[in-house]
Structure formats: structure tokens, C-alpha cells
Amino acid sequence: MTQASENRMARPTQAPTRLPALLRRVDPAVATAFGCIILLLVIGSLYSSNFLSPDYLLQQLKVAAFLGVVAAGMMLVILLGHIDLSVPWVMTMGAMMACAAAGFGAMGPVIAIPVGLLCGALFGLINGLGVAYLRIPSMIITLATNVVAQGLMVLYTGGFSPQDSATPAMRWLATGAIIPGVPNAILVWAAVSALMVFLFGRTTYGRSVYGIGNSERAAYLSGIDTRRIVMIAFVISGALAAFAGVLVAGYASKAAQSMGDAYLLPSIAAVVLGGTSILGGRGSYLGTVAGVILITLLQSILSVMQMPEAGRQIIYGVVIVAMLLLYGRTPASR
């Protein structure tokens, strides 16, 4: 038998080995999340014939964009093995301060969005300093700053709904369409997603985040400034939460008390559903995107089914516990 014929006979045996290698690179959690998205689309189409229409799907992506911005910052913190419970009122504060800044003369509309982001970044800095340098557990310090932000906003508004309105720029970001038929909110989320993908995959900072999440001690001994990395992560999380608040205020034309409360549990659920380990060090941003879409579709279907809010919260809690049991039992070296 010649060498050429031997090569031809060998080719069929090489093809099957490539497919399993490709499948092994697919994160089971991400694949499961996208599979659940398809399942929810099918279920939704059974309840409403308009569920799969392009207009309805674009509207769902628009709603998902607000949650997606929050979840991006939440994922960064969770990858480090921490949690950010200050999201609800940092988000509310960013929206209220942005709307309030709009009333400061001719420059008000110009500085409104930066003021909102700055307030969120400031509270993120407080969280980061507490966790990274004072070694306060993230659950404690972020819960405390959430209460502080709540107190400050209640003091500012007197406990009533704020009267300040969103600026035209805020409304344009949330409800406008620079591309006909595509809401700007989706483009904003796409831009945030691109930055997060670049951060995680192409920067030393992103690799350091994964290293600290796997073992903070090992990362420190390898020369990584772990405290600075953690502090910056909380600053980014706070800024993104405030930015999401700005977008929601633009969508509703004004800020409201407790407007961020509805985003804390779904943002955590979206990150965990996407396969990010609650212990840190493992996860992909694509999974978080899938988790955000999954949560949004789940909310939509529950609304169509007229599920009460209490039932929705129970479902969120059950989903998080189930994912913790599934992904949180892997051993972690610290």
C-alpha cells in the first residue's frame, strides 16, 4: 500500500476527533443559558403570537440593556470573589443626581450625565477602599454604603418623588434611535459589552481579575497589586450602576425613589446563570449577556402569565440557589 493511500485512509479517522475538541471549548453553562433562551422564546410564542416579532424582540433587548449595564459591573466584582450590594441606591443616586445637575444653569444638561457617573464611582471607591485596604467583607461594606446612599437621597428629596426631569441627552440615550429601528439603549449596551470583552480578554487587568478570583494569595505572590485591582473593580461597578440609573431615568423621563431595587437580584442571577462562579475566578462575559437576556425573557413571560411580583422574586431566588449548588461546589484554592 502506498503512502498516499494510507493518508487517504487516515483522513476519515481524524475528522471525528476535531468535533469533541471544539465542543470541549464550549462552556456548558453558556450553552445551557442559550438553550433556555430558545426554550423561553418557544414558550412565549405559545402565549402570544407577537412574542417573536422583531419589534417585540427589540423592545425586550432595550429593556435588557439597562440590566446588562448593571450586570457588567456586577460580574467584574463577582469574578474577584466579592459581591456589590450597593447597586440599588447607587443606581438611584446616579439617576437623581444627574437629573438634579440638569437644573444648574446652561451647563446643567452638559454635566448631568458625568455628575451621575461621578457619584456612582465615588461610592464604588468607598466600597473598594473598604474591601481592598481595610479588609472589610464586601457584603458588609456594600450593604452599609447602600444604606448611606439611601439616607442621602431621602434627605435630598424629603422622602418624596424628585421633581427634577431627565435631560434630552439622557432621554436620547435611552429612547432614541441613531440607527433606524435600533434603540440607542441596545447600542449603549453593545458598547459596554465590547469594552468588557476587551477588558477581560486583552488587558493585563482582566487577566489579573481572573488570577485574584482563583487565588488572591497566589496572585499577590506573583507580583499583582491585588488591592488596586479590587478597588478599581468596585469603582467600575459603581460607575456602571449609576450609568444604568441614568439610562433608566432617561427612559422614564425622571428618577424615582427605590428605582434600583428591582435590579439587584436580577443582576446577580444573570451573572450566575451565565456560568460565572460565585466563588470567583471563572466565567465569561458572553455567559453574562446570555443570563441578562434569559432573565429579561423570563420577566416578560411571567408578565404575560400575570405572575405576581412575589412569585417572580421567589423564582429568582430559586434560580440563584440552584446555580449556586451547580457552580459553587467546585473547589477553590485561596
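Structure: above.
This report concerns the structure included in the present document. (Residues numbered from 1 in each chain as written. Predicted model: local features only at pLDDT ≥ 70, side-chain atom pairs only at ≥ 80, totals over all residues. Heavy atoms only, no water.)

**Comments concerning the nonpolar core**
One broad trend across soluble globular proteins is that nonpolar side chains are buried collectively. Formed by 88 residues in total, the largest nonpolar core has its most connected members in Met74, Leu76, Met170, Met196 and Tyr285. When residues in this core are grouped by element, the largest group, 14 residues, is from helix 3 (residues 54–79). Beyond its immediate sequence surroundings of up to four residues, tyrosine 285 is in contact with Gly68, Ala72, Met75, Trp189, Ser193, Met196, Val197 and Phe200. (Core = buried A, V, L, I, M, F, W, Y, C linked by side-chain atoms within 4.5 Å. Buried < 20%, exposed > 50% of the residue type's maximum accessible area, 1.4 Å probe, protein only. Helix = DSSP H or I, 4+ residues; strand = E, 2+ residues; numbered from the N terminus. Contact = heavy atoms within 4.5 Å.)

**Examining helix 5 (residues 108–132)**
Between its first and last C-alpha atoms helix 5 spans 35 Å; for 25 residues at 1.5 Å apiece the expected length is 36 Å, and the two agree. Of all the bends in helix 5, the largest measures some 25° and sits at proline 114. (Expected span 1.5 Å × (residues − 1). Bend = angle between axes of the 7 residues up to and from the residue.)

**Overview of the environment of proline 162**
Counting through the fold element by element, proline 162 comes out in the loop between helix 6 (138–157) and helix 7 (168–175). Given the relative accessible area of 6%, proline 162 is considered buried. Taking the C-alpha atoms as reference points, proline 162 and cysteine 99, separated by 63 residues in sequence, lie 8.9 Å from one another. Setting aside chain neighbours within four positions, we find proline 162 in contact with Met96, Thr157, Lys254, Ala255, Ala256 and Gln257.

**Remarks on the packing of aromatic side chains**
All told, the structure shown has 3 aromatic pairs when counted by the stated rule. Here the aromatic rings of phenylalanine 51 and tyrosine 56 are separated by 5.1 Å at their centres, their planes lie at 45°, and the arrangement is tilted. What makes phenylalanine 51 buried here is its relative accessible area of 2%. (Phe/Tyr/Trp six-rings, centres within 6.5 Å; stacked < 30°, edge-to-face > 60°.)

**Considerations on the layout of surface pockets**
Of the pockets and cavities examined, the largest pocket occupies roughly 380 Å³. In this structure, the largest pocket is lined by 17 residues; those nearest its centre are Val63, Ala262, Tyr263, Gln299 and Arg312. Those elements that provide at least two residues to the lining of the largest pocket are helix 3, helix 11 (226–252), helix 13 (285–304) and helix 14 (309–327). Residue composition of the lining of the largest pocket, by class: 9 nonpolar, 6 polar and 2 charged. Here the second largest pocket defines a volume of roughly 170 Å³. Only helix 2 (28–47) and helix 13 provide two or more residues apiece to the lining of the second largest pocket. Counted by class, the lining of the second largest pocket contains 8 nonpolar, no polar and no charged residues. (1 Å grid on protein atoms, 1.4 Å probe; cavity = no way out; pocket = protein on both sides within 12 Å on 5 of 7 lines; lining within 4 Å. Points joined across faces, edges and corners; volume = space filled by probe spheres on them. Nonpolar A, V, L, I, M, F, W, Y, C, P; charged D, E, K, R; others polar.)

**A few points about the side chain of glutamine 60**
In this structure, glutamine 60 sits in helix 3. Those residues in contact with glutamine 60, other than ones at most four positions away along the chain, are Thr296 and Ser300.

**Quick notes on the packing of helix 3 against helix 12 (residues 264–273)**
The contact between helix 3 and helix 12 brings their axes to 9 Å, and the two run at 65°. For the pair helix 3 and helix 12, the sense of crossing is right-handed. Only Leu264, Pro266, Ser267, Ile268 and Val271 of helix 12 make contact with helix 3, whose side of the interface consists of Leu67, Val70, Ala71, Met74, Met75 and Ile78. Across the contact of helix 3 with helix 12, the residue classes tally to 10 nonpolar, 1 polar and no charged. (Axes fitted to C-alpha atoms, helices over the stretch in contact; angles between N-to-C directions. Left-handed = near helix turned anticlockwise from the far one by under 90°.)

**Re the packing of helix 5 against helix 6**
It is the contact of helix 5 with helix 6, at a shortest axis distance of 9 Å, that shows an interaxial angle of 150°. The orientation of helix 5 relative to helix 6 falls into the category roughly antiparallel. You can see that helix 5 and helix 6 cross each other, and the crossing is right-handed. Contacts between helix 5 and helix 6 involve Phe123, Ile126, Asn127, Gly130 and Val131 from the first element and Ser138, Ile141, Thr142, Thr145, Val148, Ala149 and Leu152 from the second. Tallied by class, residues from the contact of helix 5 with helix 6 come to 7 nonpolar, 5 polar and no charged. (Parallel < 35°, antiparallel > 145°, perpendicular 65-115°, else oblique.)

**Notes on unusual backbone geometry**
Positive phi values are uncommon outside glycine, yet arginine 135 reaches one of about 60°. Structurally, arginine 135 can be placed in the loop between helix 5 and helix 6. Even without a glycine there, the phi angle at serine 258 is positive, about 60°. Tracing the backbone through its elements, the reader meets serine 258 in the loop between helix 11 and helix 12.

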